[in-house]
Amino acid sequence: MLKKKNVFILIIMIVFLLLSGCSGKPNGEGASSEPFFVNCDSDFVKHGDIIYFYEGGLSSEPDSKLRFLDVSTGECMPLCGKPDCMHDDADCNASVNATGFIRLMLYNGRLFWIESGSPEFILYSIKTDGTDRRKELTLDDELYSLAYGEGTAEIHEGVLYVCGSASRVSDGKPSIVCTVFSQPLNGGEAKLIYRSDERAFIFGRICGDILYFAESEMWPDSEDNSGKPLVLKLFSYNTKTEELAELYRDERANAYYRYLLAADDALYLAGYQTAAVFSLADKSFSHYRSDNNMAMDIGEGIMLRWESPNSYLCSDLNGVPLFHGTYPPEGLSGQPSGKIYIGSSNNKFYYYACLAPDDWSSENWYIMEFDLETHETKVLWEYEVKFD
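Asker: Teacher, can you tell me more about the overall build of the protein here?
Answerer: Helix and strand counts for the protein stand at two helices and 29 strands. Looking at the protein as a whole, 52% of its 388 residues qualify as buried. Residue pairs in contact within the protein that sit at least 24 positions apart in sequence constitute 43% of those at least 6 positions apart. Surface summary for the protein: the accessible area is close to 18600 Å², and the carbon and sulfur share equals 49%.

See the structure below:
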């Protein structure tokens, strides 16, 4: 009798886990990446010890490559499984014909990305072992032309979901349009989910069966509006029922967000000098602001505030300071020339960071790992761009 009771309890637990909402765990084979890895204009995804990335996202170098980086061993190679390939031409499986961001995604053991053809936008994929590269889909030109700019893309249960903005000309004046749409990988019809003509960025994240997305108003384009509060709107879209709902709206000066994370029954947002957490359980909204106009980034239960180009402060989400750190790490020199937050995993923050020599004759780009337990920072990968 006791054995049957234990089996019944186990079944109930399994059903509860399957029905639970935004738990923060990757959705099995369908996971786009670990939940605290940024997917907005960031061509980095992480699964286990492997970071997959596209080196051309911040470079104008031709014939840039898809790469994999094993954070446990430091091994970094082009993602190509072709026998005897030298990885030095366009026939390499890791070669991508694009400059700028390609919206790298992970789904069902394959990496997906979007390239701009002539004139089509095409979704490609490759297995995570660097084999079986193929063209998957031609994107709906009308809808993607309204979303090709800054934004996000994810695949869930065989459907591509795109959130993006694009520059347009309306009545002879430049404007911005924000668009969210879906398109099945099997060639089915694309569907418009949301569109706005607000001057804003739009970006999303899928958790469970819900696409959460944020529309964050841009900085005012006129000095006359410099004190104008910026509007943030949070939405949910149920991919099963196709129900769209506005979850929350916030207005405050200088509150400008650049990415959204969804995990642990909460939505996490951050920008250049602001961050926020929205609870999906009680609909509460917690806002954080930097006092020195420096970037703020959020991980799992922790926030990293840059106090200067050479120092940062880690605190918990209640604002309690944990420790200070210095930058660049020991052994590296140069002028800090930019840091892009990649994401966090297992008490580590990852950045794509640039240092330049005093004469600015080159830029040295690094993938860095900030260990929040040991307070050490190490370089996982580096790449030098020389200027003529």
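Here the narrative resumes.
Asker: Is there a simple way to think about the pairing of strand 26 (residues 335-345) in this case?
Answerer: When a strand is regular, its side chains alternate between the sheet's two faces. As judged from the nine bridges shared by strand 26 and strand 27 (residues 348-356), these two strands associate in the antiparallel manner. Residue Tyr341 lies in a different strand from strand 27, and its bridge partner there is Tyr351.

Asker: Looking at this structure, I do not really get the sheet that holds strand 12 (residues 173-184). What am I missing?
Answerer: In sheet architecture, strand pairing relies on hydrogen bonds along the backbone and comes in two forms, parallel and antiparallel. If you walk across this open sheet you meet the four strands as 10-11-12-13, and the pairing is antiparallel. Edge strands, defined here as strands with exactly one partner in the open sheet, are strand 10 (151-156) and strand 13 (191-196). Strand-to-strand, the axes of this sheet are offset by a mean angle of 25°, without reference to chain direction. Bridging between strand 10 and strand 11 (residues 159-170) involves six bridges; their strand directions are antiparallel.

Asker: Sorry if this is basic, but what is going on with the sheet that holds strand 19 (residues 266-271) here?
Answerer: Pairing in this open sheet of four strands is antiparallel, and the strands run 18-19-20-21 from one edge to the other. Two strands in the sheet have a free side with no partner beyond their single neighbour: strand 18 (257-263) and strand 21 (285-289). With direction set aside, neighbouring strand axes in the sheet form an average angle of 15°. Bridging between strand 18 and strand 19 involves six bridges; their strand directions are antiparallel. In the strand pairing of strand 19, Ala262 is matched with Leu267.

Asker: Just to check I follow, could you spell out the packing of aromatic side chains for this structure?
Answerer: Two descriptors summarise a pair of aromatic rings, namely the distance from one centre to the other and the angle between the planes of the rings. As enumerated under the stated definition, the model contains 28 aromatic pairs in all. Relative to Phe285, the ring of Tyr248 has its centre 4.7 Å away and its plane inclined at 15°; by these criteria the two rings are stacked. In this pair, Tyr248 is assigned in strand 17 (residues 244-252) and Phe285 in strand 21, connecting sequence segments 37 residues apart. Classification of Tyr248 as partly exposed rests on a relative accessible area of 22%. Under the relative-accessibility criterion, Phe285 is labelled buried at 15%. Consider the rings of Trp306 and Tyr351, whose centres lie 5.7 Å apart with planes at 85°: the pair is edge-to-face.

Asker: What exactly am I supposed to notice about the environment of Gly56 here?
Answerer: In this structure, Gly56 sits in the loop between strand 2 (50-54) and strand 3 (64-70). As a C-alpha pair, Gly56 and Ala98 span 42 residues in sequence and 7.6 Å in three-dimensional space. With residues up to four places along the chain from it excluded, the contact list for Gly56 reads Ser64, Thr99 and Gly100.

Asker: Before we go on, may I ask you to explain the state of the cysteines in this structure?
Answerer: Here, disulfide denotes a covalent bond that connects the sulfur atoms of two cysteines. Inspection of the entire model under this criterion finds zero disulfides. With no disulfide of its own, Cys85 lies closest to Cys80 among cysteine sulfurs, the gap being 3.8 Å. Taking relative accessible area as the criterion, Cys85 reaches 19% and is therefore assigned buried.

Asker: How should I be thinking about the side chain of Gln273 in this particular structure?
Answerer: Within the fold, Gln273 resides in the loop between strand 19 and strand 20 (274-279). Overall, Gln273 belongs to the buried group, its relative accessible area being 9%. Residue contacts for Gln273: discarding those within four places in its chain leaves Trp219, Asn254, Tyr288, Arg289, Ser290, Asn293, Met294 and Met296.

Asker: Looking at this structure, how should I read the pattern of salt bridges?
Answerer: Where charged atoms from two side chains of opposite charge approach closely, those side chains can pair. Here the structure, examined in full by the defined rule, presents 16 salt bridges. Across the pair Glu34 and Lys46 runs a salt bridge whose closest N-O atoms are separated by 3.3 Å. Of this pair, Glu34 sits in the loop between helix 1 (2-19) and strand 1 (44-47) while Lys46 sits in strand 1, placing them 12 residues apart in sequence. Like Glu34, the residue Lys46 is buried in the burial classification. One salt bridge connects Arg110 with Asp132, and the closest N-O pair in it is separated by 2.9 Å.

So, how was this worked out
Residues numbered from 1 in each chain as written. Predicted model: local features only at pLDDT ≥ 70, side-chain atom pairs only at ≥ 80, totals over all residues. Heavy atoms only, no water. Helix = DSSP H or I, 4+ residues; strand = E, 2+ residues; numbered from the N terminus. Buried < 20%, exposed > 50% of the residue type's maximum accessible area, 1.4 Å probe, protein only. Contact = heavy atoms within 4.5 Å. Areas by Shrake-Rupley, 256 points an atom, 1.4 Å probe, with all protein chains shown as cover. Pairing = 2+ DSSP bridges. Axes fitted to C-alpha atoms, helices over the stretch in contact; angles between N-to-C directions. Phe/Tyr/Trp six-rings, centres within 6.5 Å; stacked < 30°, edge-to-face > 60°. Disulfide = S-S within 2.5 Å. Salt bridge = Lys/Arg side-chain N within 4 Å of Asp/Glu carboxyl O.

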